[in-house]
Amino acid sequence: MSDFALNGRSIRLQSLRKSWGDAVALHDVSLSIPAGSFTALLGPSGCGKSTLLRLISGLETPTQGDVFVDEVAVTSDPPSARDLAMVFQSYALFPHLSVAENIIFGLRTRRTPKAERTRKLDRVAALLELSHLLGRKPSELSGGQQQRVALGRAIIAERRICLMDEPLSNLDAKLRQDMRAELRDLQQKLGFTMVYVTHDQAEAMTMADQVVLMKNGHIEQVDTPRALYARPATPFAGQFIGTPPMNLFDPNDMPDAQVFATHRARSCQLGLRPEDIYIAQDGPLNGHVEVVEFFGADVLMTCRIGTALVRVRGAGHTDFPLNSPISLGFDAENLSVFDTQSGARISNDHAQGLVLASST
Ligand code: ADP
Ligand code: MG
């Protein structure tokens, strides 16, 4: 497999804008994608993920801004000049061709000699565990196998950049999970640069080195999965990442909670993840249980604290009857504080200072 090592290329996007008439798909997107990294473009439907990927691919040209590959501007180069492979949601395999013929199709059109084609096909097929299926037609394969053929077609080209647009969304949940691990493994083994579009936060969080969270045609946050989870830059980021989403509330919603006294003096929104709230004997947040959802390993309780509804994740054995009183606590370091005006995160140190100041 070592002869398959591909040194990924870096990608840099500078002030990209894409519009069609009045419709602006991307506003002013700047982004660095390190060579050999797995970068996920994540966000709700319509936020501009596919448009951004198509600008990287060269299938679209930006209205403004530039695309660099290894620091060379490729903004007006066609896709064929960019050393990349693409995999889309619809695999578009040729139904009348065998698996082998589908995989080597691109090599054939580039008139790669037969011996070389065969050698590469054998290696790719072994890598993707398709060797025993080479004679079949796509209709005789499962969804996951078809997906791997599409992948094989992309890999055999030995491009240093691979672009994927929601490639797993046609697969069932179990297969999707297996393929996540396979894709990640393959990318690490081969070393190419992966840019992967998904609207599924679990996919982005499990596979990516770097997650680019997008909203309404702009980038909301770029971070590692762990940083994105622990320190969301905005309330949107806090709610898009995590299941269930981060609780967001106004400190004025909880007039009895002394712990938020200092926060009430300024205009801010507070965020706490359900798993960062614990059941306390005499905690700072007091109210009652309104909804209990049992999931086996854990229990989600929706509690009324003041006028706010706060979801709390407890261990599976937690057993609070509906409407019973409950007291909750949290660690100050897990509290997110967002400025109401700008929506931006207030630095953790500052936020902790506020909590400490208010509890004295
Ligand atoms: P995503 O992949 O995140 O779902 P897209 O990049 O496909 O989002 O689309 C972003 C926005 O750009 C959407 O509002 C979409 O309607 C618009 N858009 C995409 N392609 C075109 C096009 N060819 N012409 C006009 N509008 C488009
Ligand atoms: Mg899309």
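Cut-off values and rules
Residues numbered from 1 in each chain as written. Chains lettered and ligands numbered in written order. Predicted model: local features only at pLDDT ≥ 70, side-chain atom pairs only at ≥ 80, totals over all residues. Heavy atoms only, no water. 1 Å grid on protein atoms, 1.4 Å probe; cavity = no way out; pocket = protein on both sides within 12 Å on 5 of 7 lines; lining within 4 Å. Points joined across faces, edges and corners; volume = space filled by probe spheres on them. Helix = DSSP H or I, 4+ residues; strand = E, 2+ residues; numbered from the N terminus. Phe/Tyr/Trp six-rings, centres within 6.5 Å; stacked < 30°, edge-to-face > 60°. Buried < 20%, exposed > 50% of the residue type's maximum accessible area, 1.4 Å probe, protein only. Lys NZ or Arg CZ within 6 Å of the ring centre and 35° of its normal. Near = heavy atom within 4 Å. Polar contact = N/O pair within 3.5 Å; in protein donor to acceptor, adjacent residues only side chain to side chain. Areas by Shrake-Rupley, 256 points an atom, 1.4 Å probe, with all protein chains shown as cover. Nonpolar A, V, L, I, M, F, W, Y, C, P; charged D, E, K, R; others polar. Domains from an automatic or database assignment. Contact = heavy atoms within 4.5 Å. Buried area = accessible area lost by both parts, 1.4 Å probe. Core = buried A, V, L, I, M, F, W, Y, C linked by side-chain atoms within 4.5 Å. Pairing = 2+ DSSP bridges.

On to the layout of surface pockets, then. By volume, the largest pocket amounts to about 450 Å³. Lining the largest pocket are 23 residues, and of these Ala85, Met86, Gly106, Arg153 and Ala154 sit closest to its centre. Of all elements in the fold, only strand S6 (84-87), helix H3 (105-109) and helix H5 (143-155) reach the threshold of two or more residues within the lining of the largest pocket. It is S6 that contributes the most residues to the lining of the largest pocket, four residues altogether.

Per the counting criterion, the structure on display carries five aromatic pairs. On the basis of an interplanar angle of 40° and a centroid distance of 5.6 Å, the ring pair of Phe38 and Tyr196 is categorised as tilted. A residue pair is termed long-range when its members are at least 10 positions apart, and Phe38 in strand S3 (residues 38-42) and Tyr196 in strand S8 (residues 193-198) qualify at 158 residues. Neither residue differs from the other here; Phe38 and Tyr196 are each classed as buried. Taken together, the aromatic side chains of Phe249, Phe260 and Phe330 make up a single cluster linked through ring pairs. Over the ring of Phe68 we find Arg12; its NZ or CZ atom is 4.2 Å from the centre of that ring. If you follow Arg273 out to its NZ or CZ, it ends over the ring of Tyr229, 4.2 Å from the centre.

We now examine the site of ligand 1. In the vicinity of ligand 1, the contacting residues are Trp20, Ala25, Pro44, Ser45, Gly46, Cys47, Gly48, Lys49, Ser50 and Thr51. Within the side chain of Lys49, an N or O atom sits 2.9 Å from an oxygen atom of ligand 1. One of the side-chain nitrogen or oxygen atoms of Thr51 is found 2.5 Å away from an oxygen atom of ligand 1. Considered on its own, ligand 1 offers 560 Å² of accessible surface; in the complex 57% of this is hidden by protein. For the shell around ligand 1, the leading source of residues is helix H1 (residues 49-57), giving three residues. Looking at the shell around ligand 1 residue by residue, the classes come out as four nonpolar, five polar and one charged.

Note on interface size: it is often stated as the accessible area lost on association of the parts. What the domain assignment reports for the protein is domain 1 (2-234) and domain 2 (244-358). Using C-alpha coordinates to define each centre, domain 1 is positioned 39 Å away from domain 2. Contact with domain 1, which involves seven residues of that partner, is made by nine residues of domain 2. Overall, the association of domain 1 and domain 2 removes approximately 610 Å² of surface from exposure, summing both partners, and the carbon and sulfur fraction of that is 43%.

Moving on, we get to the nonpolar core. One finds Ile103, Leu151, Met164, Leu183, Met194 and Tyr196 to be the most contacted residues of the largest nonpolar core, which totals 50 residues. Ranked by residue count, the leading element in this core is H5, at five residues. Among residues more than four places away in sequence, those in contact with Leu183 are Leu151, Met164, Leu168, Met194, Tyr196 and Met207.

Moving on: the environment of Gly306. The topology assignment puts Gly306 in the loop between strand S15 (298-305) and strand S16 (308-315). In this structure Gly306 comes out as partly exposed when scored by relative accessible area, which is 42%. Put simply, Gly306 and Pro251 are 55 residues apart on the chain and 9.8 Å apart in space, counted from C-alpha to C-alpha. Among residues more than four places away in sequence, those in contact with Gly306 are Asp253, Met254 and Asn286.

Attention now goes to the pairing of strand S10 (residues 218-223). The two faces of the sheet receive side chains in turn, since in a regular strand these alternate between them. Sheet topology note: the strand S9 (residues 210-215)/S10 ladder contains five bridges and is antiparallel. Bridge pairing in S10 links Val212 to Val222. With antiparallel pairing between neighbouring strands as the criterion, S9 and S10 make up a hairpin whose turn holds two residues, including Asn216 at a positive phi of roughly 45°.

What follows is about the pairing of S9. Counting buried residues along S9, five of its six residues qualify, which places the element largely inside the surrounding structure. The sheet contact formed by S3 and S9 spans four bridges and is parallel. Directly across from Ala40, in S9, lies its bridge partner Val211.

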